[in-house]
Amino acid sequence: VYTLIRTLPALIRGTIYMFCIFTAEFTAGSILSVKELCPWNYERSRYHIRKLIRLDYAPLWFVTGLIYERLILSRHG
């Protein structure tokens with residue numbers, strides 16, 4: 001993803017990473033929930049979507065995406 005968005009500002013890149021993480025978590029949770037195997041359940045959170053993702057985690061995933069971007073870039077020079 002980084003190679004496609006590297007010229008964009010960090011605010012936009014972080015938002016894209018956040019949406020990618022939410023999409024992966026929602027998709028994985030949906031698939032696991034079919035067999036009742038999903039290990040997380042966010043129903044106690046006020047900001048959950050179908051008990052699978054928490055919108056209040058958005059800042060965390062935003063920052064996490066940018067941190068991983070830096071970690072990967074530092075390893076590949």
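Residues numbered from 1 in each chain as written. Predicted model: local features only at pLDDT ≥ 70, side-chain atom pairs only at ≥ 80, totals over all residues. Heavy atoms only, no water.

Bringing the side chain of Ser45 into the picture now. The residue Ser45 is located in the loop between helix H2 (10-34) and strand E1 (48-49) in this model. At a separation of 3.4 Å, a polar atom in the side chain of Ser45 contacts the side chain of Arg54. Every residue in contact with Ser45, bar those within four places of it in the chain, is listed here: Arg54 and Asp56. (Helix = DSSP H or I, 4+ residues; strand = E, 2+ residues; numbered from the N terminus. Polar contact = N/O pair within 3.5 Å; in protein donor to acceptor, adjacent residues only side chain to side chain. Contact = heavy atoms within 4.5 Å.)

Its identity is not glycine, yet Glu36 carries a phi of approximately 55°, on the positive side. Within the secondary structure layout, Glu36 lies in the loop between H2 and E1. By relative accessible area, Glu36 is classed as exposed at 75%. Even without a glycine there, the phi angle at Arg50 is positive, about 50°. Residue position: Arg50 is located in the loop between E1 and strand E2 (53-54). (Buried < 20%, exposed > 50% of the residue type's maximum accessible area, 1.4 Å probe, protein only.)

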